[in-house]
Amino acid sequence: ERVDGVIRSVAAGVLRTRRVRRNLENNMRRVLAFTHKKEPSAEEIDSVLKEHAALYGQMLINSYSLPKNPGDYLKKSSQDFLPALQSLLKEGRGCLLVTPHFGDEGMIYGPLAALGMPITVMFNDAHAYQWANKILKNLRFIGLGQGATHSLKALSRNETVLFNGDADYFPEGRSEDFFGAPFFPPHGVARMALAAAAPI
């Protein structure tokens, strides 16, 4: 409990640093103004940021504690998406899971690994997660670079691959309106799905 408390404090402290706080405030102000059709108050923004800090702290705690107790993933998450995923895997081409880089992604890949379903997770830097592979043998973290090759092989074995879908590393100049501001949508996941003929 003491370690968890320290992690929560550090997470909240990171979000209070000037640069991070400014970025979060700008994004929250834009999103709230778009969704509520009015400029949010300082109190509303502060409330959202406090909630975000709590979620960020819990995500960090889960990332390093739940892999030691894989069954906890099943207790703490919803598996409502499993029937749809299992149905897609019956096609035999694997499946791509795509999520924004926000929130507790372990609640997606953790239950699958705990249930014995092989899953590959692509992160920018997978080195920090290699220790988890020794606990959950069917959970594999891969980084950018060789990640595409490993992902295609996993899909060919009819396995699941999880991507963050928010970073556009190879922009093509296309933009979309996203909460009232231009956003450059990534297309790596679409390319992977086309290359593997796999569903998303």
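The present account deals with the structure reproduced in this document. (Residues numbered from 1 in each chain as written. Predicted model: local features only at pLDDT ≥ 70, side-chain atom pairs only at ≥ 80, totals over all residues. Heavy atoms only, no water.)

**A closer look at helix α5 (residues 82–89)**
No. 1: Of the residues making up α5, those classed as buried are L82, L85 and L89. Looking down the long axis of α5, one finds its buried residues gathered within 65 degrees of arc, a one-sided arrangement.
No. 2: Turning to α5, the residues buried within the fold contact β1 (95–99), α6 (106–114) and β4 (160–164). (Buried < 20%, exposed > 50% of the residue type's maximum accessible area, 1.4 Å probe, protein only. Helix = DSSP H or I, 4+ residues; strand = E, 2+ residues; numbered from the N terminus. Arc of directions from axis to C-beta. Contact = heavy atoms within 4.5 Å.)

**Some points on the packing of aromatic side chains**
No. 1: Considering all chains together, one arrives at seven aromatic pairs under this definition.
No. 2: On the numbers, 4.9 Å between centres and 75 degrees between planes, the contact of F178 with F179 is edge-to-face.
No. 3: Ring geometry for F178 and F183: centres 5.2 Å apart, planes at 35 degrees, overall tilted.
No. 4: The exposure class assigned to F178 is partly exposed, which follows from its relative accessible area of 41%.
No. 5: An aromatic cluster of at least three residues, connected via ring pairs, comprises F34, F178, F179 and F183.
No. 6: The cationic tip of K37 hangs over the ring face of F34; the distance from NZ or CZ to the ring centre is 4.7 Å. (Phe/Tyr/Trp six-rings, centres within 6.5 Å; stacked < 30°, edge-to-face > 60°. Lys NZ or Arg CZ within 6 Å of the ring centre and 35° of its normal.)

**Some thoughts on empty space enclosed by the protein**
No. 1: The tally for this structure, following the rule as stated, stands at one cavity of 30 Å³ or more.
No. 2: Quantified by volume, the largest cavity comes out at close to 40 Å³.
No. 3: Taken together, S63, P67, Y73, Y109, Y129, W131, A132, L139 and F141 make up the full set of residues lining the largest cavity. (1 Å grid on protein atoms, 1.4 Å probe; cavity = no way out; pocket = protein on both sides within 12 Å on 5 of 7 lines; lining within 4 Å. Points joined across faces, edges and corners; volume = space filled by probe spheres on them.)

Note that every value here comes from positions in space, so none of it alone points to a role or purpose.
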